[in-house]
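A structural walkthrough
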Amino acid sequence: MASGTSRDVLGRGLWVLGRAIREQPRIFTVAVSGSVLFGLMVIASAFVVGRVVGDVVVPAIARGSVGAGVLALAAASLFGISVLRVVGIFGRRLGAGYMQFRLQAAYRRRVTRRYLDLPLSWHHRNATGTLLSNANSDVEAAWYPIAPLPFAVGTLVMLVGAVVSLFLTDWGLALVGLAVFPALFALNVVYSRRMAPRQARAQRLRAEVSGIAHESFDGALVVKTMGREAQETARFASHAGELRDALIDVGRLRGVFDPMLETLPSLGTLAVLVVGAIRLQQGAISVAELVSVAFLFTVLAFPVRAIGWVLAELPRSVAGWDRVRRVLDATGEMPYGDTVLDRADPTPATLAFHDVHFGYEPAEAHLPGTEVLGEVSFTVPAGKTVALVGPTGAGKSTIASLAVRLVDPRAGTVTLDGADVRDLTAASLASTVALVAQVPFVFDDTVRANIALDRPGIGDDEVWAALRLAEADGFVAALPDGLDTMVGERGTSLSGGQRQRLTLARALAGRPRLLVLDDATSAVDPRVEAAILAGLRAPTGGPGAAASILVVAYRRATIALADEVIYLEQGRVLARGTHTELLATVSGYADLVTAYEQAEHDREQTRTYDEVTPLTSGLEVEVDR
Amino acid sequence: MTGEPEEQAESTWRTLRRGLALSPELKTGLAGTVVLALIYMVGRVAVPVAVQRGIDHGIIGGLDLGVVWRVVAVTAAVLVVTTTCGYLMMRRLFTVSETALAGVRTRAFRHVHDLSMLHQQSERRGSLVSRVTSDVDQITTFLQWGGVILIVNLGQLVVTTIVMLAYSWQLTLVVLVAFAPAVLVIRLLQRRLASAYGLVRQRMGTLLGIIAESVVGAPVIRAYGIAGRTARRLDTAIEGQRQAQQRAIRISIVGSSVGELAAGLALAGVVVVGVTLGVDRTLSIGQLTAFLFLVTLFIQPVQIATEVLNEAQNAIAGWRRVLDVLDIAPDVADPGAQGRELPPGPLDIRFAGVTFAYPGGPPVLHDVRLDIPAKSRVAVVGETGSGKTTFAKLLTRLMDPTAGEVLLSGVPLRQVRFDSLRSRVVMVPQDGFLFDATVGENVRFARPELTDAELTAAFTELGLADWLDGLPAGLDTAVGERGEALSVGERQLVALARAYVADPDLLVLDEATSAVDPATEVRLQRALDAVTRGRTTLAIAHRLSTAQAADEVIVVDRGRIVQRGPHDELVRDPESIYGLLFASWLEQTR
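What counts and how
- Residues numbered from 1 in each chain as written.
- Chains lettered and ligands numbered in written order.
- Predicted model: local features only at pLDDT ≥ 70, side-chain atom pairs only at ≥ 80, totals over all residues.
- Helix = DSSP H or I, 4+ residues; strand = E, 2+ residues; numbered from the N terminus.
- Buried ≥ 20, exposed ≤ 12 C-beta atoms within 10 Å, placed from the backbone.
- Contact = placed C-beta atoms within 7 Å.
- Rg over C-alpha atoms; globule rule 2.2 N^0.38 Å.
- Expected span 1.5 Å × (residues − 1).
- Core = buried A, V, L, I, M, F, W, Y, C linked by C-beta atoms within 7 Å.
- pLDDT = per-residue confidence, 0-100.
- Pairing = 2+ DSSP bridges.
- Nonpolar A, V, L, I, M, F, W, Y, C, P; charged D, E, K, R; others polar.
- Axes fitted to C-alpha atoms, helices over the stretch in contact; angles between N-to-C directions.
- Parallel < 35°, antiparallel > 145°, perpendicular 65-115°, else oblique.
- Left-handed = near helix turned anticlockwise from the far one by under 90°.

Time to look at the overall build of chain A. When you go through chain A residue by residue, the secondary structure sums to 22 helices and 10 strands. Put simply, chain A has 625 residues, and 52% of those count as buried. Sequence-distant contacts, at least 24 apart, represent 79% of the contacts inside chain A between residues at least 6 apart.

Okay, here's the thing in structure tokens:
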């Protein structure tokens, strides 16, 4: 079974290589031509050395004199062959390298394009680390055998040429070649077959060790504060030990095969000496031919290894290719429509949810997806502010994502000014609505680029206006390079509140007609938040003033600003109305928004009998609920 | 560009010496390995010698098959021995080096955990991970192929030169002269090649950053319709990396071409000079032929050198980076065996003139003097950036004060053994990091011996039984990478349970429930009040509901304690910092 699988891998690996050749036929031709030239020159050099020894050296030493012309010719031929070999090397290595790098670049472009095209639901189903390695190491692995491929192809041609030239020289010596070359080839194949699974195991263990290090260092604070360094080290050490054993295993196999691959051609040369001497005695060959063939065996040994390199890399290449293919073949794009909302219309947009259902697709196909939202209907009328309120996990962020069409509903429709969001063009959608997410995301770029995002019509004035509205102008002005300051991974690190205000300014800069705030000011100081919200609701002037607002909030001050409140529980709209109405009629809502007051009230009460039953008071309240 | 100059700062030899000093096991059986390697290399020159003897004594001047047979048989026997030695040499080499490097890897991992928070800041975390992963991988990968090739080829160079000298010093000189310019050129290229590969690595880093951005920022890219802009950024980075790779390979090819030309020159020179010498009867035909064979043995190491030396440089640089991490002295060190234990029972807290500043920064806390009695529940409040989180970090000895001392029940923290400190003092950070395991395994982190029943009981005591029941698989629910299968608030609940079951005498909460909805937070607060009775708790609070429930509130402003006392007392002055904070809190909650 194992051999059947590996034969299958071999076949598929060759298919992947064929695909590479079809994609880069010209550069591959250059590389193989160079490699074949090199191979032929290797054979030629053997015969020239043989001729030089047999026809120049032997007679010269026998005669005790030498003609300058013959000597010069011999020297020139040897050097000339070297020059041609250099040409071959250039063609082969440059071609192979360029081909490999071009394929890598092309596939990185294709894979990342898919990332941009595929919907968020697809992104949710795939771990970030996997997507990163798909675009990086998997693409690299898929095209790894391309580097030695032209060399291997040239070597095959060279081997055929060598056998032919052997037959042209002498059938006796040719038989030695027929014994040694296939043996060498077979040894290479066996070597790479046995090496491949060991390499794969080592690679897998490397990834595991790296995963543990990543996780453990990410959680360093927890490890440290709980004093679990020793246990974490033991966990790491056991995997590092497995990796060590796997690598020693790889090394031992290398130790068996490498010296054998060295020795086999040497044994061939020795056989040539014996057979050659016999044939010389029979007068079938000359000294020159004997030396040529012996030399040929010496110089052929190294190139034959190239075939082994290609074979050894094939399983990894196939594995990488399969993972890359999975991304390229993934379906489920969210195509945009061709309806365009009137851009010139400066009035706020109307958002409506009609009987919307939503569920995340399961991570594995056979599992049922869980429904996150059901029968959600509500409207954010033009120019109004609607607050979404509900306990943790009620589906508020999902509604925010649906409103800006990050995801599509399973059933029902989401409309903007009466048009289904699925019918809108990407540009129209992006210019109409803006989402400020719960966790701010800042690009590794300048402040200006982070806010403008290269959108047309957003110059420095607009950027500053948006920063002012988001109460971010103060700290941005204080940054070392102002708008040109690099932020994100490599730049100045901003506090959570600063990042939130930056992403808020990004949303405002586009003058959206509908603004969706998903708990977007949680890290901003309450006083600053109040100022921002007041600015957004200002009747005239400034960007964003002319927007409808859908806001996810816990803070009562934020909720109180809303014209209407939608109360959610477990993915269903439980109630809607003004804050005051809901407070009076919906107990769940009242519990949630008055939790702090309630707590204070309870505290006042418990304090009085705290003295009597201090230990159970907290739990009793719990039981009552 | 970045990191390149410093990589050159230390000589290769010094790095090797440091490395060997750190892993003395690398030297075990080294002498035996070297002897085996030398014998293995003899096999490389066996064939040319056989050719010489066969030609001189068995073929030229009267064919003698017996001599040829003898020469071949002896050489074959030698090859069997050398091949076996080659196997044994590699086996020893790999076993010793992999074992030593696994040790280095594990030691570096532990060392990173022993470094203080200052060294573990998130910006540096990625590079710390590569210290114990890709840097060590680079060394082992190099040893697996390049190291052996380098050793064998260097040996081949030496042995070949010796045999050549034995045949003819004149021809050896010809070969050396032919190779001299090539060696010089390759040395020059070596430096350019190193910087070219440095550029490749740097561009790769940039590319990875941008790919990560396009994956992590997918929602923003989609929401703002900036796929085109992102695609352009990606293309630029992909193309830049390709250009760098192509530049590196061009330099590398020039190197091998120079070696090849030198080989041609050497062959031609050997023929011309050899024939001239042969005519003078100082050189036999067999010797001259053997020399032509030996020249090819001389070429290979020189050609391979360009590639392998570059790999060697990378491996050495990787090793240096690992050693550099190991050389950072842990600035917050465990006093170890000499340390003291915390006295049993509830702990009191004392800050004695504590000042703290981040390296190169202004003080974050100024001369803080504070006494907190055992069993009290204290809330620390203040605006963002007031220094309240620094409090928590000093109290749990994640950092040491710049001046002054923190004492727990009279014992200076610096003298407390870590195993005592970490089992008695537990902090719940705001980012409740979870490991990619089940809820139960995460809660059990500090106390693996707890049973499921005990964990369930803990959740019940915290008032979280309903929440736990609502999870798809209860305690066995997988939390995903970094806990991302749970919401931010739910992660905080698990982190809190984890700290609770650790059963500490001093519990430090650093905005531990900031992402939980108000109703749940209040419920949790009550449960915590009950279960933490009899222990000391210090809570850094963002929401003032926590402060209202505390025995005492400590108000921090610009690194100083400006107010302290029970909530009811502090609110009496509406103009005070706490009064203002509380007014604003009321404003947004009702």
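Now, onward.
The next subject is the overall build of chain B. Tallying secondary structure elements over chain B gives 20 helices and 10 strands in all. Here the C-alpha radius of gyration of chain B, 35 Å, is well above what a compact globule of 590 residues would show, namely 25 Å.

Our focus in this paragraph is helix α9 (residues 227-279) of chain B. In this model, α9(B) (53 residues) spans 77 Å end to end at C-alpha, consistent with the 78 Å of a helix rising 1.5 Å per residue. Immediately beyond the C-terminal end of α9(B), within one or two residues, lies Arg281(B), with a positive phi of roughly 70 degrees.

Now for the nonpolar core. Across soluble globular proteins, you tend to see nonpolar side chains buried next to one another. Core analysis: the biggest nonpolar cluster contains 244 residues, and Val516(A), Ala266(B), Val270(B) and Val295(B) have the highest contact counts within it. Within the second largest apolar cluster, 133 residues are counted, among which are Ala102(B), Val322(B), Leu365(B) and Leu528(B).

Our next topic: the confidence of the model for chain B. Residue and element names in this part refer to chain B. Averaged over all residues, the pLDDT of chain B is 84; the fraction at 70 or higher stands at 95%. Mean pLDDT per element in chain B: helix α1 (residues 4-7) is the minimum at 40, and strand β4 (residues 403-408) is the maximum at 93. Overall, residues 1-8 carries pLDDT values under 50, and its contacts beyond four positions in sequence, including any with other chains, amount to five contacts. For this predicted complex, the interface confidence comes out at an ipTM of 0.84, alongside a pTM of 0.80.

What follows deals with the environment of Gly88(A). All names here are of chain A. Looking at the element boundaries, glycine 88 is found in helix α3 (residues 68-117). Between the C-alpha atom of glycine 88 and that of alanine 68, which follows or precedes it by 20 residues, the distance is 30 Å. When sequence neighbours within four positions are dropped, the list of residues in contact with glycine 88 reads Gly34, Ser35, Leu37, Phe38 and Met41.

Bringing the pairing of strand β10 (residues 560-565) of chain B into the picture now. Residue and element names in this part refer to chain B. Summarising the sheet, strand β9 (residues 552-557) and β10 pair through five bridges and their orientation is antiparallel. Residue pairing for β10: valine 555 is matched across the bridge by glutamine 563. Connecting the antiparallel pair β9 and β10 is a turn made up of two residues, with arginine 558 showing a positive phi of about 45 degrees.

A word on the interface of chain A and chain B. With 140 residues of chain A at the interface, the matching set in chain B holds 140 residues. Looking at the side of chain A that touches chain B, the element that brings in the most residues is helix α9 (residues 229-281) of chain A, giving 31 residues. Taken together, the residues of the side of chain A that touches chain B sort by class into 84 nonpolar, 28 polar and 28 charged.

To continue, consider the sheet that holds β10(B). Residue and element names in this part refer to chain B. With respect to topology, six strands assemble into an open sheet ordered β6-β7-β8-β3-β9-β10, the strand pairing being mixed. With one partner strand each, in any of the chains shown, β6 (425-428) and β10 form the two edges of the open sheet. On average, adjacent strands in this sheet sit at an angle of 15 degrees to one another, irrespective of strand direction. Examined bridge by bridge, strand β3 (residues 377-381) and β9 share four bridges and lie parallel to one another. In the strand pairing of β9, valine 378 is matched with glutamate 552. Each of β3, β6, β7 (506-510), β8 (536-540) and β9 is contacted by helix α11 (residues 388-395), which is oriented at about 145 degrees to β8, the strand it contacts most.

Moving on to the pairing of strand β9 (residues 564-569) of chain A. Residues and elements named next belong to chain A. Relative to β9, strand β3 (residues 385-389) runs parallel, the two sharing four bridges. When the sheet's bridge partners are listed, valine 386 is paired in β9 with glutamate 564. Bridge analysis of β9 against strand β10 (residues 572-577) gives five bridges, and the strand direction is antiparallel. Bridging across to β10, tyrosine 567 finds its partner in alanine 575. Here β9 folds back onto β10 in antiparallel fashion, the turn holding two residues, of which glutamine 570 has a positive phi close to 45 degrees.

Now for helix α16 (residues 488-501) of chain B. Structurally, the α-helix is built with 3.6 residues per turn, so residues lying three or four positions apart point the same way. Residues and elements named next belong to chain B. For α16, with 14 residues, the first-to-last C-alpha span of 21 Å sits near the 20 Å given by 1.5 Å per residue. In terms of burial, α16 is a largely internal element, 12 of the 14 residues being buried. Looking at α16, one finds that the buried residues are Glu490, Arg491, Gln492, Leu493, Val494, Ala495, Leu496, Ala497, Arg498, Ala499, Tyr500 and Val501. Of the surrounding secondary structure, the elements contacted by the buried residues of α16 are β6, α13 (439-443), α14 (452-461), α15 (465-470), β7 and α17 (518-531). Following α16 by one or two positions, aspartate 503 has its phi on the positive side, about 55 degrees.

We now examine the environment of Val272(B). Residue placement: Val272(B) occurs in helix α9. When the 18 C-beta atoms within 10 Å are taken as the criterion, Val272(B) is described as partly exposed. For Val272(B), the residues in contact, after removing those within four places along its chain, are Leu71(A) and Ala75(A).

Now for unusual backbone geometry. Look at Arg511(A): it is not a glycine, yet its phi comes out positive at around 45 degrees. Among the structural elements, Arg511(A) can be located in the loop between α16 (496-509) and β7 (514-518). By the C-beta count within 10 Å, which is 22 here, Arg511(A) ends up buried. Phi is positive for Asp503(B), close to 55 degrees, though the residue is something other than glycine. Relative to the helices and strands, Asp503(B) resides in the loop between α16 and β7.

On to the sheet that holds β10(A), then. Residues and elements named next belong to chain A. Here we have six strands laid out as an open sheet, ordered β6-β7-β8-β3-β9-β10, and mixed in their pairing. The open sheet is flanked by β6 (433-436) and β10, the only strands paired with a single partner. Strand-to-strand, the axes of this sheet are offset by a mean angle of 15 degrees, without reference to chain direction. Of the strands in this sheet, β6 and β7 touch α16, which is tilted by about 180 degrees from β6.

With that settled, the discussion passes to the confidence of the model for chain A. Residues and elements named next belong to chain A. Residues with a pLDDT of 70 or more make up 90% of chain A, whose mean pLDDT is 84. Strand β4 (residues 411-416) holds the highest mean pLDDT among the elements of chain A, 94, whereas helix α22 (residues 617-624) holds the lowest, 33. Within the model, pLDDT remains below 50 along residues 539-545, and this stretch shows 17 contacts once partners closer than five positions in the same chain are excluded. The low-confidence segment residues 610-625 (pLDDT under 50) makes 16 contacts with residues lying over four places distant or belonging to another chain.

All names here are of chain A. For the pair helix α5 (residues 128-142) and helix α10 (residues 287-328), interaxial distance at closest approach is 7 Å and the crossing angle is 135 degrees. The pairing of α5 with α10 is recorded here as oblique in orientation. By crossing handedness, the relation of α5 to α10 is classed as left-handed. Residues Asn134, Asp138, Val139, Ala141 and Ala142 of α5 pack against Arg316, Ser317, Ala319, Gly320, Trp321, Arg323, Val324 and Val327 of α10.

Residues and elements named next belong to chain B. Note on placement: threonine 460 falls in helix α14. For threonine 460, a count of 15 C-beta atoms within 10 Å translates into the label partly exposed. With 50 residues separating them in the primary sequence, threonine 460 and glycine 410 have C-alpha atoms 35 Å apart.

In this section: the packing of helix α3 (residues 30-59) of chain B against helix α4 (residues 65-114) of chain B. All names here are of chain B. Relative orientation of the contacting elements α3 and α4 amounts to 160 degrees, with a least axis distance of 8 Å. Considering their axes alone, α3 and α4 lie roughly antiparallel with respect to each other. Like other packed secondary-structure pairs, α3 and α4 cross with a definite hand, here left-handed. Across the contact of α3 with α4, the residue classes break down as 19 nonpolar, 10 polar and two charged.

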